[in-house]
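# Observations on the three-dimensional arrangement
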Amino acid sequence: IWRRDPQRSPAWTALERAAAVIESAAAVSKGLTGKENLSVLLDAYTDVDGWWRLDRASRLFETALTACTDDDVIAPVVDLCRRRYREAVTALQDAFLATVQAEGWPPDGASRQTRIFDEHVAPLLERREKTAFFMVDSLRYEMGRDLGEALAGTGEVHVSHAAGVVPTVTGCGMAALMPGADGMLRLVEKDGGLVPALGTRLLKTSTDRMKLLADTYGDRFFETTLDNLLGSPKKTAANLKKAELFVVRTQDPDAVAENLGAWRARRYLSDVIGDIAAAVRWVVSQGVDRVVISADHGHMML
């Protein structure tokens, strides 16, 4: 009878998602044997039905909790769910770091973040295909999976993973997405700190990175932010007509988590997926042939 009470519906949704977290956590814990090598762990996480589903389940559970105005009734379940999630991801992280320490990084044979532009964007531009390149701050793999599902009706969609650069911070991760980054990306000392660079070219800020693309592709290149694209599509459309490489930058979901506070971050983090999907559908409607979406790094939400 309680299921038919609309006031209790948010709590039931949260409980439903809590069950998914607990089941996914059990699957990860059961799957970890302590004998995995790095390739096995990466495959186990990134497979279609892989362990990434635990992080997805946790994100959706935390979002559902923000709709519960009175969660005292389900508080014990919330505590249990979060504890099981933390235990599972901590064990997985310990196993992952141990294999990295033993085998090194990046893993042999794995796709690399520093090759994403040269392998997935540059060939399209060589064929003069109109290409949109989304550079998303902190879009982790499981969110990319959800984004792929959201775009399923837009065209052919492919989701894959790549080994990120170390340290996994925005400056380095975004520099790794530049053309020619593979084998050239390094850290140089500047003003008492470390700055990513390609050869002798410093790439400290987004402005530096966009100038590199402008210098490389000239008037074939145009860039904007996700906010500007969604907020002023007509203005963006005029610039898009003459561009072959159209870069869309967004600090979401990183900015959501860092600036809005814990509750709002949990509430709005998943909305970023819908915003990017809407932007992709719009650029496709404007005649863009190919869309490549990548990130600088992921995140942990505990």
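Higher on the page you've got the structure.
Every value quoted in this text rests on a predicted model; they were computed, and no experiment measured them.

Scoring rules and cut-offs
Residues numbered from 1 in each chain as written. Predicted model: local features only at pLDDT ≥ 70, side-chain atom pairs only at ≥ 80, totals over all residues. Heavy atoms only, no water. Helix = DSSP H or I, 4+ residues; strand = E, 2+ residues; numbered from the N terminus. Rg over C-alpha atoms; globule rule 2.2 N^0.38 Å. Areas by Shrake-Rupley, 256 points an atom, 1.4 Å probe, with all protein chains shown as cover. Lys, Arg positive; Asp, Glu negative; His and termini not counted. Charge placed at Lys NZ, Arg CZ, Asp CG, Glu CD. Core = buried A, V, L, I, M, F, W, Y, C linked by side-chain atoms within 4.5 Å. Buried < 20%, exposed > 50% of the residue type's maximum accessible area, 1.4 Å probe, protein only. Contact = heavy atoms within 4.5 Å. Axes fitted to C-alpha atoms, helices over the stretch in contact; angles between N-to-C directions. Left-handed = near helix turned anticlockwise from the far one by under 90°. Pairing = 2+ DSSP bridges. Salt bridge = Lys/Arg side-chain N within 4 Å of Asp/Glu carboxyl O.

## Some details on the overall build of the chain
Helix and strand content of the chain: 13 helices and seven strands. Against the 2.2 N^0.38 benchmark of 19 Å for 302 residues, the chain shows a C-alpha radius of gyration of 21 Å, consistent with a compact globule. Considering only C-alpha atoms, the chain reaches an extent of 65 × 50 × 40 Å along its principal axes. Looking at the chain as shown, the accessible area adds up to about 16100 Å², and 50% of this sits on carbon and sulfur atoms. Put simply, the chain has 37 plus and 42 minus side-chain charges, and the middle of one group is 4 Å from the middle of the other.

## A few points about the nonpolar core
In summary, soluble globular proteins display a tendency toward joint burial of nonpolar side chains. Ranked by size, the top nonpolar core spans 29 residues in total, and within it Phe134, Leu139, Leu147, Leu229, Phe246, Ile276 and Val283 carry the most contacts. Every element with two or more residues in this core is listed here: β1 (131–137), α6 (141–150), α9 (226–231), α10 (233–240), β6 (245–253) and α13 (271–285). The element best represented in this core is α13, accounting for eight residues. Excluding residues that lie within four positions of it along the chain, Leu139 makes contacts with Gly144, Leu147, Pro253, Ile276, Ile293, Ala295 and His297. Core analysis: the second largest hydrophobic core is formed by 26 residues, Ala25, Val28, Ala57 and Cys68 among them.

## Examining the side chain of Thr224
Assignment of secondary structure puts Thr224 in strand β5 (residues 221–225). Beyond its immediate chain neighbours, meaning those up to four positions away, Thr224 contacts Leu229, Thr236, Phe246, Val247, Val248 and Arg249.

## Topic: the packing of helix α2 (residues 38–46) against helix α4 (residues 75–103)
In the contact formed by α2 and α4, the axes pass within 9 Å of each other and the chain directions differ by 145°. The crossing of α2 and α4 is left-handed. Each of Leu38, Leu41 and Tyr45 in α2 lies in contact with α4, whose residues at this interface are Leu92, Ala95, Phe96, Thr99, Val100 and Glu103.

## Here we look at the sheet that holds strand β2 (residues 185–190)
Here we have three strands laid out as an open sheet, ordered β2-β3-β4, and antiparallel in their pairing. Two strands in the sheet have a free side with no partner beyond their single neighbour: β2 and β4 (201–202).

## Notes on the pattern of salt bridges
Scanning the model with the defined rule gives 15 salt bridges in all. The shortest N-O distance in the salt bridge between Arg56 and Asp146 comes to 2.6 Å. Of this pair, Arg56 sits in helix α3 (residues 52–65) while Asp146 sits in helix α6, placing them 90 residues apart in sequence. Accessibility expressed as a relative area gives 24% for Arg56, which makes it partly exposed. The residue Arg127 makes a salt bridge to Glu129 at a minimum N-O spacing of 2.8 Å. Owing to a relative accessible area of 52%, Arg127 belongs among the exposed residues under this scheme. Classification of Glu129 by relative accessible area gives buried; the value is 18%.

## What to know about the sheet that holds strand β7 (residues 290–295)
Read from one edge to the other, the open sheet built from four strands follows the order β5-β6-β1-β7, with strand pairing classed as parallel. Edge positions in the open sheet fall to β5 and β7, since each of these has one partner strand only. Each strand of the sheet is rotated relative to its neighbour by a mean of 20°, with strand direction disregarded. Of the strand pairs in this sheet, β5 and β6 are connected by five bridges, and their pairing is parallel. Within the sheet, the bridge partner assigned to Thr224 lies in β6 and is Val248. Taken strand by strand, α13 contacts β1, β6 and β7, and its axis lies near 165° from that of β1.

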